[in-house]
Amino acid sequence: METLTFESDDVARTEDFLCRAYARMSIGGGTAGSHRARISRTGIDAVSVDEIDLACELSYSATPLGRICVCVVHEGTIQDHSFAGVDDEAFGPGDAVLLAPPELPYAGRIQEARYTIAMLDPELLAQLTGGPVQLTGHRPGAAAASRQLARSIAYLRDHVLADAAVADEPLVASTAAQHLAASVLYAFPHTARGEGAARDRVDAHTATLRRALAHIDDHADQPVTVAEIAAAAHVTPRALQYAFRRHLDTTPLAHLRRVRLAHAHRELAAAGPGDGVTVTEVAARWGFYHPGRFASHYRDTYGQAPHRTLGEP
C-alpha cells in the first residue's frame, strides 16, 4: 500500500510536490499571507485517495493526469475550472466531479478548499465494460449518482485504505478497485452505454451462465473482473450481466461474493480452537474488507455470526 503526506506554506515547495504526486503543473498564490497546503494519500494498485486541505487561494494549470480523477468538495470552492470543451466551471461543497478526462490538460482556481480526490487507472473501466470506454461528461447524471460516488470513495478511504493489512490482500484490492470503477461508470455518462444491447440479450442464455459459473468457481481465490468472466463465457460484459439477471436474478459480482463467502465459511468451520485463525483475516483473505458488512452477509446466509462458526466466545 502506498502512503504519502505533505505539509507546507511555501508555494514553490507545494508546486514541486504536486508535480511529483500528480502531473506537471504550475500554481500561483492569489492572495498575500499564508499558503498552507496539507495533502495525504493512501493507495493500492490502480486506485488512490488523497485528502487535500488548502488554506489559501491558488491558481493551477496542469498537464494531463493520465488517470481518471474524481474530486469531492467538502469546504470552499474550486472556480474557473476549465479543460477542452468546458469553461469556467465552479464546484462547491457536496459536488462530486471529474476534474478532466485523463488525456486533457486542465486549469482553475482554488479558494480555501478542502476536498478529496480519487484517482484510478482508466483500464479499470475497460475491465468492467469489456473494451475501451470514455467518460463523456464531467458531472454525474443525477444527484443520487453523485451521492453514491462520494460514498464509494469514502468507503474505500475509511474501510480499505485505513488498514494496510486489509488493503494489501489481493482480493480486497481487486474488489475495492472494481467497486470504485463501477461507481464511476454509474455516475458519469460514457461511451459504453447502449451499444450492442440486442445482440447481448440474445447471448444471455444458459450456456453463457454455465461457463461463467464454472470460471467463478475455479478462480474465486484470485482477483477476478467482470470482463474476465465475460471473456471466459465468450460474451460481452453486458450479455453476462443480462444472463445473471435473467436466470439467477443477481449480478456476476454478487454471485462471486456468495462463492467467496462460502469459502470463508468453510475455512472458519475447519479452523480449530488453537489455530490462531481470526474472522477478520479470513474475511480479508476472501475479499471482504469491511468486518461489519462481512458479518451481516454471513448472518443472512448462515444464520449465525462468523465468530460462532469459528468457535470464539
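Quick caveat, the model's predicted, so the values are computed rather than measured. (Residues numbered from 1 in each chain as written. Predicted model: local features only at pLDDT ≥ 70, side-chain atom pairs only at ≥ 80, totals over all residues. Heavy atoms only, no water.)

Caption draft 1: Looking closely at the overall build of the chain. For the chain, the count of helices and strands is 13 helices and 8 strands. Its C-alpha radius of gyration of 22 Å places the chain within 12% of the 20 Å reference for a compact globule of 313 residues. Taking the principal axes of its C-alpha atoms as reference, the chain extends roughly 65 × 55 × 30 Å. Out of the 313 residues in the chain, the part that is buried amounts to 47%. Pairs at least 24 apart in sequence give 73% of the contacts found in the chain among residues at least 6 apart. A total of about 14300 Å² of accessible surface is found on the chain, and carbon and sulfur atoms cover 50% of it. Within the chain, the 38 negative side-chain charges are centred at a point lying 8 Å from the centre of the 29 positive side-chain charges. (Helix = DSSP H or I, 4+ residues; strand = E, 2+ residues; numbered from the N terminus. Rg over C-alpha atoms; globule rule 2.2 N^0.38 Å. Buried < 20%, exposed > 50% of the residue type's maximum accessible area, 1.4 Å probe, protein only. Contact = heavy atoms within 4.5 Å. Areas by Shrake-Rupley, 256 points an atom, 1.4 Å probe, with all protein chains shown as cover. Lys, Arg positive; Asp, Glu negative; His and termini not counted. Charge placed at Lys NZ, Arg CZ, Asp CG, Glu CD.)

Caption draft 2: Spatial organisation of helix 10 (residues 252-270). Helix length check: helix 10 (19 residues) gives 27 Å between terminal C-alpha atoms against 27 Å at 1.5 Å per residue, within 8%. For helix 10, the set of buried residues is Pro252, Ala254, His255, Leu256, Val259, Arg260, Leu261, Ala262, Ala264 and Leu268. The inward-facing, buried residues of helix 10 abut helix 5 (170-187), helix 7 (206-219), helix 9 (237-248), helix 11 (279-285), helix 12 (291-302) and helix 13 (306-310). (Expected span 1.5 Å × (residues − 1).)

Caption draft 3: Highlighting unusual backbone geometry. The backbone phi angle of Asp88 is positive, close to 55°, even though this residue is not glycine. Of note, Glu112 is a non-glycine position whose phi angle comes to about 40°, a positive value. If you trace the backbone, Glu112 turns up in strand 8 (residues 106-120).

Caption draft 4: Structural detail: the packing of helix 10 against helix 12. Between helix 10 and helix 12, the shortest axis-to-axis distance is 11 Å and the interhelical angle comes to 85°. Judged on the interaxial angle alone, helix 12 and helix 10 are roughly perpendicular. Packed against helix 10, whose contacting residues are Arg257, Leu261, Ala262, Ala264, His265 and Leu268, the element helix 12 presents Phe294, His297, Tyr298, Thr301 and Tyr302 at the interface. Split into classes, the residues belonging to the contact of helix 10 with helix 12 amount to 7 nonpolar, 3 polar and 1 charged. (Axes fitted to C-alpha atoms, helices over the stretch in contact; angles between N-to-C directions. Parallel < 35°, antiparallel > 145°, perpendicular 65-115°, else oblique. Nonpolar A, V, L, I, M, F, W, Y, C, P; charged D, E, K, R; others polar.)

Caption draft 5: Inspection of the packing of aromatic side chains at higher detail. This model, assessed by the stated rule, comprises 6 aromatic pairs. Look at Tyr298 and Tyr302: their rings are 4.8 Å apart centre to centre, the planes differ by 45°, and that puts the pair in the tilted class. Highlighted residues: Tyr298 and Tyr302, both in helix 12, separated by 4 residues, approximately one helical turn. A residue is classified by how much of its surface remains accessible, and Tyr298, at 0% relative accessible area, is buried. Its relative accessible area of 28% is what places Tyr302 among the partly exposed residues. Following the ring pairs from residue to residue traces out a cluster consisting of Phe288, Phe294, Tyr298 and Tyr302. (Phe/Tyr/Trp six-rings, centres within 6.5 Å; stacked < 30°, edge-to-face > 60°.)

Caption draft 6: Fine view of the nonpolar core. Counting residues in each nonpolar core, the largest one holds 52 residues, and the members touching the most others are Leu120, Leu125, Val160, Val184 and Leu240. Considering every element that reaches this core, the biggest residue donor is helix 5, with 9 residues. With near-sequence residues (within four places) excluded, Val160 lies in contact with Ile44, Tyr155, Ala167, Val172, Ala176 and Tyr289. Core analysis: the next-biggest nonpolar cluster, separate from the first, contains 33 residues, Phe6, Leu54, Leu65 and Val86 among them. (Core = buried A, V, L, I, M, F, W, Y, C linked by side-chain atoms within 4.5 Å.)

Caption draft 7: Structural detail: the state of the cysteines. Going through the model one piece at a time under the given rule, you end up with 0 disulfides. Cysteine Cys69 shares no disulfide, and the gap to the nearest cysteine sulfur, in Cys71, comes to 7.0 Å. (Disulfide = S-S within 2.5 Å.)

Caption draft 8: Looking closely at helix 1 (residues 11-21). Of all the residues in helix 1, the buried ones are Thr14, Phe17, Leu18 and Ala21. Buried residues in helix 1, looked at end-on, bunch into an arc of 100°, giving them a common side. Exposed positions of helix 1 whose direction lies more than 90 degrees from the buried face are Ala12 and Arg20. Where helix 1 is buried, its residues contact strand 1 (2-8), strand 2 (25-29) and strand 3 (37-44). One side-chain oxygen of the residue at the start of helix 1 lies 3.0 Å from the amide nitrogen of Ala12, identifying that residue as Asp10. (Arc of directions from axis to C-beta. Polar contact = N/O pair within 3.5 Å; in protein donor to acceptor, adjacent residues only side chain to side chain.)

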